[in-house]
Amino acid sequence: MSKQVQDAYIVAAARSPVGKAPRGVFRHVRPDDLLGHALNAAMTQVPAVERGEVDDVVVGCAMPEAEQGMNVARIGLLLADFPNSVSGITVNRFCSSGLNAVAIAADRIRLGEADIMIGAGTESMSMIPMGGNKIVANERIFADSEHVGIAYGMGITAEKVAQQWKVPRDAQDAFAVESHRRALTAIETGEFEDEIAPYTVRDRIADLERREIVEQPNVVSVDEGPRPGTTTDVLAGLRPVFAAKGTVTAGNSSQTSDGAGAVILASDTAIKRHNLQPLARFLGFAVAGVPPEIMGIGPKFAIPKVLKQTDIKLEDVDWIELNEAFAAQSLAVINDLGLNRERVNPLGGAIALGHPLGATGAIRTTTLIHGMRRRKHRYGMVTMCIGTGMGAAGLFENVS
Amino acid sequence: MVPTVAAVDGMALGGGCEIIMHCDRAVASLESYIGLVEVGVGLIPAAGGCKELALRAAGEAKGGDLFPFIRRYFENVATAQVGRSAEHARELGFLRDRDAVVINRFELLYVAKQQLNARYESGYRPPLRAARIPVAGRGAIATLKMGMQNMLAGDYVSDHDYLIGSKLAHVICGGDIDQGSLVDEQWFLDLEREAFIELLSTEKTQARVEHMLKTGKPLRN
């Protein structure tokens, strides 16, 4: 059904480590700097490509304001020493922003209007909280019961999914434990080393004794979220945080995080011109809408939509990066679609690795691309649920 | 043209608190428990308490974003916060910077009289009624409701709590008008009265009032 004129290939993919928010390693690192770091790291993977040849940089960001406002894409790329001729756009579809950025970048190439594009994502949840610095609701949300779901925080939507899909607390906690276990194993065996570009944090503090500024460099090279000793016993002791008699806790929800990722895409022409090694072919991307109050079920509709669009069978998808916004919604999606648990988040998910909202899509695309290359998988998917009731899914084919 | 000074010792809840808020000065002994607790009986402050808090919020915002100040006062009243001491009541906004706190309660009346005399001798004139008060408006009402909807969905508050909270938000934000619209004090007083009557005509508020009169304890319904 695609009417593209050419294919878009991923030729580089890199990301920062993911820090915990709001008190983690990147609490003082600006999201535009994290973005620039990811862009530079991706560019170093394709030394033959001149920076000025990048047609456009599409950056996902879920709360694009304050430190990540003012078109963070353009500011981030300029500060990362891209020439003035390279343009940048910030896009926002909450948690799918990073994946959506990759899809938009791919589409510019598929349409034949660009040869080299970057799709990226950045988010500092330490600096800009969920919802942004100021929320002002439209009073029409409350005019009737139909739209009240727009008002619900993500935790409430997770509780509603847990209730409607009957996902018990112990299943959610067990899922979270497994996420940590997989993530820790992946870190131990160096699975993330291909994709992570270590970031040197330079915290500056006042030394009141010596009356001078002290700079403390700290090289961050691993994700901060995965926590050894996460057992079902420990998680069972946590209290629900969103509903008095609920099942969703801080332990079986994704972590708030800081991070950035970037993916470079190129056309056949550009690949031949620069003698690049393509890593994966971009196959397709789809978004589906669901009621806002059960936003977590979104992937259930986005996944079949992208499979139909690309004419690929679910059983042929070897690796699925399903963003673990909450264990409750992850399990509901996995169970309803009959996803193979072994193929979903083999290196752990957002419950352990963290979820820097608008960056997650680009970060997990990076994980998928390098992972499929190492394991010689053919098809891989990145999918997530989206606040206000949507799901997104992107499909990639390993060609490395 | 005489100043009014409230001398406060012990409990000043609901109407007592509203009287304090309207005096030119308050002098409170440290062991005073001041708060607007009307929601406990299913009502909202309707003797100028909401009006006074909205007025204070507008003053504190100094023409900037009113919402953070309004939200703080809204939360204090919606959760029936009572100051654990006179200084805590000041933190909550029920006492003002200019109000005095005495540690020794036996000095309370002495200090209050001193204040009264000083105010009188320095040529006291009552303030004019505020006539141009910017309101937080309908966007702020919706934003406060948004928070309450999540508490309702999470079973932390009842439907009636939500109704009371919505009425309080409506009043303290100045009603269903645009942010920054200018109103006078009477505008708030009218909103207070309207919301008070509406709540009092509900069965659940009547049950709360009755329960409080009979048992001295609040009823959650």
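For clarity, every value in this text was computed on a predicted model and none was experimentally measured.

Rules used throughout
- Residues numbered from 1 in each chain as written.
- Chains lettered and ligands numbered in written order.
- Predicted model: local features only at pLDDT ≥ 70, side-chain atom pairs only at ≥ 80, totals over all residues.
- Helix = DSSP H or I, 4+ residues; strand = E, 2+ residues; numbered from the N terminus.
- Rg over C-alpha atoms; globule rule 2.2 N^0.38 Å.
- Buried ≥ 20, exposed ≤ 12 C-beta atoms within 10 Å, placed from the backbone.
- Contact = placed C-beta atoms within 7 Å.
- Nonpolar A, V, L, I, M, F, W, Y, C, P; charged D, E, K, R; others polar.
- pLDDT = per-residue confidence, 0-100.
- Axes fitted to C-alpha atoms, helices over the stretch in contact; angles between N-to-C directions.
- Parallel < 35°, antiparallel > 145°, perpendicular 65-115°, else oblique.
- Left-handed = near helix turned anticlockwise from the far one by under 90°.
- Pairing = 2+ DSSP bridges.
- Right-handed = clockwise from strand over helix to strand, strands pointing away.
- Expected span 1.5 Å × (residues − 1).
- Arc of directions from axis to C-beta.
- Core = buried A, V, L, I, M, F, W, Y, C linked by C-beta atoms within 7 Å.

Each helix and strand in chain B was counted, giving nine helices and five strands. Along its sequence from the N terminus, chain B presents helices and strands in the succession β-α-β-α-α-α-β-α-β-α-α-β-α-α. Taking 17 Å as the expected radius of gyration for a compact globule of 221 residues, we find that chain B reaches 18 Å, a close match to that expectation. Within chain B, the proportion of its 221 residues that are buried is 45%. Of all intrachain contacts in chain B linking residues separated by at least 6 positions in sequence, the fraction that spans at least 24 positions is 69%.

Let us now look at the overall build of chain A. Within chain A, the secondary structure is distributed over eleven helices and twelve strands. Taking 21 Å as the expected radius of gyration for a compact globule of 400 residues, we find that chain A reaches 20 Å, a close match to that expectation. Principal axes of the C-alpha set define a box for chain A whose edges measure 70 × 60 × 50 Å. Of all 400 residues assigned to chain A, the portion counted as buried reaches 58%. The long-range fraction of contacts in chain A, counting pairs at least 24 apart against all pairs at least 6 apart in sequence, stands at 82%.

Now for the interface of chain B and chain A. Counting from both sides, the interface comprises 13 residues of chain B and, opposite them, 17 residues of chain A. Class assignment for the residues of the side of chain B that touches chain A results in five nonpolar, five polar and three charged.

Residues with a pLDDT of 70 or more make up 100% of chain B, whose mean pLDDT is 97. Scored by ipTM, the complex comes to 0.91, with pTM at 0.95.

Residues and elements named next belong to chain B. Put simply, helix H7 (residues 159-172) and helix H8 (residues 185-200) touch, their axes get as near as 9 Å, and they point 165° apart. Compared by their axis directions, H7 and H8 come out roughly antiparallel. As for the relative orientation of H7 and H8, their crossing is right-handed in sense. Here Ile-164, Lys-167, His-170 and Val-171 of H7 come into contact with H8, specifically with Phe-188, Leu-191, Glu-192, Ala-195, Glu-198 and Leu-199. A class-by-class count of the residues in the contact of H7 with H8 yields six nonpolar, one polar and three charged.

All names here are of chain A. Interhelical geometry of helix H3 (residues 97-110) versus helix H11 (residues 360-375) gives an angle of 70° and a closest axis separation of 4 Å. By the criterion of interaxial angle, the relationship of H3 to H11 is roughly perpendicular. In contact with Ser-97, Gly-98, Leu-99, Asn-100, Ala-101 and Val-102 of H3, H11 contributes Thr-360, Gly-361, Ala-362, Ile-363 and Thr-365. Per-class residue counts for the contact of H3 with H11 are five nonpolar, six polar and no charged.

Remark: a regular strand shows side chains that alternate across the two faces of the sheet. Residue and element names in this part refer to chain A. Judged by how many residues are buried, strand S8 (residues 257-266) sits mostly within the fold: ten of ten residues are covered. Burial along S8 is two-sided: the face carrying Ser-257, Gly-259, Gly-261, Val-263 and Leu-265 and the face carrying Asp-258, Ala-260, Ala-262, Ile-264 and Ala-266 are both buried. Across six bridges, the pairing between strand S1 (residues 9-15) and S8 is antiparallel. Among the inter-strand pairings, Ala-14 is bridged to a residue of S8, identified as Ala-262. Across two bridges, strand S2 (residues 19-20) lies against S8 in antiparallel orientation. Following the sheet pairing, Gly-19 is matched in S8 by Asp-258.

Residues and elements named next belong to chain B. Taken in spatial order, the three strands of this open sheet run S1-S2-S3, and their pairing is parallel. Strands with a single pairing partner mark the edges of an open sheet, and in this sheet they are strand S1 (5-13) and strand S3 (100-102). On average, each strand axis in the sheet is inclined to that of its neighbour by 30°, with strand direction left out of account. One ladder, built from three bridges, connects strand S2 (residues 25-35) with S3; its direction is parallel. Bridge assignment links Ala-28 to a residue of S3, and that residue is Val-101. Taken strand by strand, helix H1 (residues 15-22) contacts S1 and S2, and its axis lies near 155° from that of S1.

Turning our eyes to something else, we now look at the pairing of strand S4 (residues 87-91) of chain A. Residues and elements named next belong to chain A. In the sheet, strand S3 (residues 56-60) pairs with S4 via five bridges, with the strands oriented parallel. Within S4, the position partnered with Asp-56 by the bridge is Ser-87. Handedness of the crossover is the feature at issue here: the chain leaves S3, passes through helix H2 (residues 72-79), returns alongside S4, and the resulting connection is right-handed.

Let's shift gears to helix H5 (residues 108-121) of chain B. Owing to its 3.6 residues per turn, the α-helix aligns residues three or four sequence positions apart on the same side. Residue and element names in this part refer to chain B. In a regular helix each residue adds 1.5 Å, so 14 residues correspond to 20 Å; H5 covers 20 Å between its end C-alpha atoms and thus fits that length. Of the positions making up H5, those classed as buried are Leu-108, Ala-112 and Gln-115. Around the axis of H5, the buried residues are gathered within 60° of arc, so they sit on the same side. Exposed side of H5, more than 90 degrees from the buried face: Asn-117 and Glu-121 are the residues found there. Among the structural elements, S1, S2 and S3 are those in contact with the buried residues of H5.

With that settled, the discussion passes to the nonpolar core. Membership of the largest hydrophobic core comes to 199 residues, with the highest contact counts inside it found for Ala42(A), Ile118(A), Ala120(A) and Leu265(A). No other element matches helix H6 (residues 137-153) of chain B, which puts eight residues into this core. Non-local contacts of Ile118(A), meaning those with residues more than four positions away in its chain, are made with Leu39(A), Ala42(A), Val54(A), Val57(A), Val58(A), Ala105(A), Ala262(A), Val263(A) and Ile264(A).

This part covers the environment of Leu276(A). All names here are of chain A. Tracing the sequence through the fold places Leu-276 in the loop between helix H7 (268-274) and strand S9 (280-289). On the neighbour-count criterion, Leu-276 (19 C-beta atoms within 10 Å) is partly exposed. Along the sequence, Leu-276 and Glu-159 sit 117 residues apart, while their C-alpha atoms lie 47 Å from each other. In this structure Leu-276 touches Val-11, Val-46, Ala-48, Ala-266 and Ile-271, once residues within four positions along its chain are discounted.

Trans is the prevailing form of peptide bonds, just as negative phi is the prevailing case for residues other than glycine. Residues and elements named next belong to chain A. The omega torsion across Ala-21 and Pro-22 is 5°, close enough to zero to call that bond cis. Along the chain, Pro-22 turns up in the loop between S2 and helix H1 (31-44). With a phi angle near 50°, Phe-94 is a residue other than glycine that sits in the positive phi range. Its place among the elements puts Phe-94 in the loop between S4 and H3. The class for Phe-94 is buried, based on 23 C-beta atoms found within 10 Å. Positive phi, close to 70°, is recorded for Thr-388, a residue that is not glycine. Relative to the helices and strands, Thr-388 is located in the loop between strand S11 (379-386) and strand S12 (390-398).

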